[in-house]
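Structural overview
For reference, the chains in residue letters:
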Amino acid sequence: MSHLNLSEWALRHRQMVAFLIVMLLAGGAFSYLKLGRAEDPDFTFKVMVVRTLWPGATAREVEQQVTERIEKKLQEVPWLDTLRSNSRPGESLVFITLRNATPKKEVPDAWYQVRKKIGDIKYTFPAGIQGPFINDEFGDTYVNIFALTGDGFDLARLRHEADRVARELRRVADVKKIEMLGVQDEKIYVEISHAKLATLGLDPNLIFDALQRQNAMTAAGFFETESDRVRLRISGEFDSLESVRETPVQAGGKLFRLGDIASVERGLTDPPAPRMRVGGEPAIGVAIAMDKGADVIRLGQRLRAEVRRLQADLPQGLDIHVVADQPEVVNRSIKLFMSSLSEALIIVLAVSFLSLGLRTGTVVALSIPLVLAITFLIMEVVGIDLQRVSLGALIIALGLLVDDAIIAVEMMVVKMEQGWDRFRAATLAYTSAALP
């Protein structure tokens, strides 16, 4: 039985080949428009961090009663490669690294096993433990980072407006998550001098207890009527700075108003969290991550349109700045690829027409869009996006593609010049060049 010769089969089924060419070109063009676009390919980060807080504990206590228990339990995790830990006063950090050979589809299950095993031993931790807090979201990259600045606006007002902007941007299609940057937590500071405490005979713990009792959220029960169940609710929780100042403090048989004996002011967390500045001005950042497989260029267009709309609704003096714009970077990469493709087509056409003639050169030139269309179709099927790695591979492959087409066509032309008929020359070209 003779081996299959694709050239011979194609020449004997020309209508079928023509139909396949048209369908593949159409499918490739449609796939190109649907392909996801990103700056870099998706990758799976095979590292997880387990962070546990134990305020007041020494590094030795954290190591013996928290870190070691976590490490022993996590040795049962499948695909585990290494465990690294760092114990310091009040904090435990455990880094879990999976083996490089771990299949991508097995990574989510491995992280699920980590969470499950941590939950199994959580009851064994000492009292006062905060956490453990588990983080495995290291692979997310932000496609756009916007920043809000405002002359005369404090960080609290900037955060309020940034929250509103973030809520609107979450509604944009293909937005995976939004994170705020440069946010400073607010606190209420109650300060009283030691001299006044001594004069009034006040114990600081009495102030703490009074604040906790006043702001406690306690279920007060309910009572039922023939038609309704009425819930009872105890009011009095803090809803303003003035309500904190009005808190009664009792000591030595006397009743004091907190605002009369202490300074009660609103402020930011000290020491401050990492801050963000744009053009030297304090700013709040809004970082946006994209869903897997989405088109970053289209997402960028939607975000820019939404930001323009939101800018018009902001108070006078508040501005939204673009700090990072990945869609623009990807757009330039796509344009570079199309430019390289166009240059390749022009060079191939010119060289082929001059050296091989019009008809033969046309066959070589047409092979490029046909093969690229098939490639785009396969990329969509297997889930490969247009990004720097795939675009670079396509540009490199253009040279090999042109070389293959020229070799096959030139071999056929040489045999026809030697007196072979077209059918035999075409089938010989496949037989000679198929393997390499």
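All values derive from a computational prediction rather than experimental measurement. (Residues numbered from 1 in each chain as written. Predicted model: local features only at pLDDT ≥ 70, side-chain atom pairs only at ≥ 80, totals over all residues. Heavy atoms only, no water.)

We now examine helix 3 (residues 59-74). Its axis deflected by about 35° at threonine 67, helix 3 carries its strongest bend there. For helix 3, the full list of buried residues reads Val62, Val66, Thr67, Ile70, Glu71 and Leu74. Buried positions along helix 3 lie against strand 1 (47-53), strand 2 (80-88), strand 3 (91-98) and helix 4 (107-121). (Bend = angle between axes of the 7 residues up to and from the residue. Helix = DSSP H or I, 4+ residues; strand = E, 2+ residues; numbered from the N terminus. Buried < 20%, exposed > 50% of the residue type's maximum accessible area, 1.4 Å probe, protein only. Contact = heavy atoms within 4.5 Å.)

Structurally, serine 367 is set in helix 12 (residues 358-382). For serine 367, a relative accessible area of 15% puts it in the buried group. If near-sequence neighbours (up to four positions away) are discounted, serine 367 is found in contact with Leu401 and Ala405.

All right, on to the packing of helix 2 (residues 14-34) against helix 12 then. Taken N-terminus to C-terminus, the directions of helix 2 and helix 12 make an angle of 55°; their axes are 7 Å apart at the nearest point. By the criterion of interaxial angle, the relationship of helix 2 to helix 12 is oblique. For the crossing formed where helix 2 meets helix 12, the hand is left-handed. Residues Ile21, Leu24, Leu25, Gly27, Gly28, Ser31, Tyr32 and Lys34 of helix 2 form the contact with helix 12, whose participating residues are Pro369, Leu370, Ala373, Ile374, Phe376, Leu377 and Glu380. Of the residues belonging to the contact of helix 2 with helix 12, the class tally is ten nonpolar, three polar and two charged. (Axes fitted to C-alpha atoms, helices over the stretch in contact; angles between N-to-C directions. Parallel < 35°, antiparallel > 145°, perpendicular 65-115°, else oblique. Left-handed = near helix turned anticlockwise from the far one by under 90°. Nonpolar A, V, L, I, M, F, W, Y, C, P; charged D, E, K, R; others polar.)

Centre distance and the angle of the planes are the two values used to describe a pair of aromatic rings. For the structure shown, the criterion picks out one aromatic pair. Positioned over the ring face of tryptophan 420 is lysine 415, at 4.9 Å from the centre of the ring. Looking at arginine 424, its charged tip hangs above the ring of tryptophan 420, at a distance of 3.7 Å from the centre. (Phe/Tyr/Trp six-rings, centres within 6.5 Å; stacked < 30°, edge-to-face > 60°. Lys NZ or Arg CZ within 6 Å of the ring centre and 35° of its normal.)

A separate point is the confidence of the model for the protein. For the protein, the average pLDDT comes to 82, and 96% of its residues sit at 70 or higher. For the protein, strand 8 (residues 219-224) is the element with the lowest average pLDDT, namely 72, and strand 3 is the one with the highest, namely 92. (pLDDT = per-residue confidence, 0-100.)

Turning next to the nonpolar core. Grouped together as the largest cluster of nonpolar side chains are 49 residues, with contacts concentrated most on Leu169, Leu303, Ile320, Ile368, Phe376 and Leu386. The leading source of residues in this core is helix 13 (residues 388-417), at seven residues. What isoleucine 368 contacts, discounting residues up to four positions off in sequence, is Leu341, Leu345, Val348, Leu398, Leu401 and Val402. Core analysis: the next-biggest nonpolar cluster, separate from the first, contains 21 residues, Trp54, Ala57, Val107 and Ile118 among them. (Core = buried A, V, L, I, M, F, W, Y, C linked by side-chain atoms within 4.5 Å.)

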